[in-house]
Every structure is written in structure tokens, then in C-alpha cells.
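Coordinates in review
Chain by chain, the residues run as shown.
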Amino acid sequence: MNVHWTGTAQQHLDTIHSYIAQNSPEYAKRMVDRLTRRSQQIGLFPQSGRVVPEYQIEQIREVLEDPYRIIYYIKPDQVDVLAVIHTARNVLEEEGES
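Residues numbered from 1 in each chain as written. Predicted model: local features only at pLDDT ≥ 70, side-chain atom pairs only at ≥ 80, totals over all residues. Heavy atoms only, no water.

Moving on, we come to the nonpolar core. The biggest cluster of nonpolar side chains holds 18 residues, and the ones touching the most others in it are Ile16, Leu35, Tyr68 and Val84. Broken down by secondary-structure element, the contributors of at least two residues to this core are α1 (7-21), α2 (25-44), β4 (68-74) and β5 (78-86). Looking at this core, the element that brings in the most residues is α2, giving five residues. Residues within four places of Tyr68 in sequence aside, it is in contact with Ile16, Ile20, Met31, Leu35, Val63, Val84, Ile85, His86 and Thr87. (Core = buried A, V, L, I, M, F, W, Y, C linked by side-chain atoms within 4.5 Å. Buried < 20%, exposed > 50% of the residue type's maximum accessible area, 1.4 Å probe, protein only. Helix = DSSP H or I, 4+ residues; strand = E, 2+ residues; numbered from the N terminus. Contact = heavy atoms within 4.5 Å.)

It is worth spelling out α1 at this point. Between its first and last C-alpha, α1 extends 21 Å over 15 residues, near the 21 Å set by a 1.5 Å rise per residue. Regarding α1, the residues found buried are Ala9, His12, Leu13, Ile16 and Ile20. End-on, the buried residues of α1 take up no more than an arc of 100 degrees, which puts them together on one face. Counted as exposed and oriented over 90 degrees from the buried face of α1: Gly7, Gln11 and Asp14. (Expected span 1.5 Å × (residues − 1). Arc of directions from axis to C-beta.)

So this is what it looks like as C-alpha cells:
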């Protein structure tokens with residue numbers, strides 16, 4: 001299944017990269033690579049992630065790539081990555097900041 005990274009999710013990746021790169025540009029690149037590679041699993045096995053507890057909607061799921069949550073929405077023809085947030089953050093708090 002095709003995986004589409006939304007503008008918001010791409011922005012999250014950029015922010016993660018910029019933050020980590022302040023101390024280690026190499027680690028920042030590796031972390032973003034890990035996160036984007038994880039989307040291959042989502043494309044192959046969209047149901048493999050757990051339902052996001054804050055929503056309890058079957059189509060909104062997440063996989064963990066420590067220390068981040070990759071939150072995605074399963075559509076009939078593709079998977080949309082909605083957000084990449086730190087595990088210490090609450091999805092509902094993130095929405096309020098947008």
C-alpha cells in the first residue's frame with residue numbers, strides 16, 4: 001500500500017532533525033532515516049500498529065520508533081502519516097498547538 005507523508009508529518013521530521021542536529025548532525029540523519037524506514041512496515045502491514053489510545057478509532061494507528069510515535073490513518077487506497085511526536089507528548093496537546 002502507498003504511504004503518503006502529510007505536510008504536518010514532514011514538518012515534524014524537519015523539526016526533529018533540526019533539534020537533534022544541534023548536537024549531532026549524524027545522529028539526526030540516522031533518526032530521520034529510522035523514522036522514514038518504519039513507514040515501509042506501515043505500507044506492508046497497515047494493521048500492525050496499535051489503535052491510538054487518545055482517539056480509539058480503528059483507522060488511526062501508531063507504531064513506535066523510540067522515542068517517537070508515528071501516527072497514521074488507514075485509507076482504502078493508501079496510508080497517510082499524520083504526525084511524528086515524542087512519546088512523552090500527548091496527541092491531543094499537539095492538536096491544540098496547531
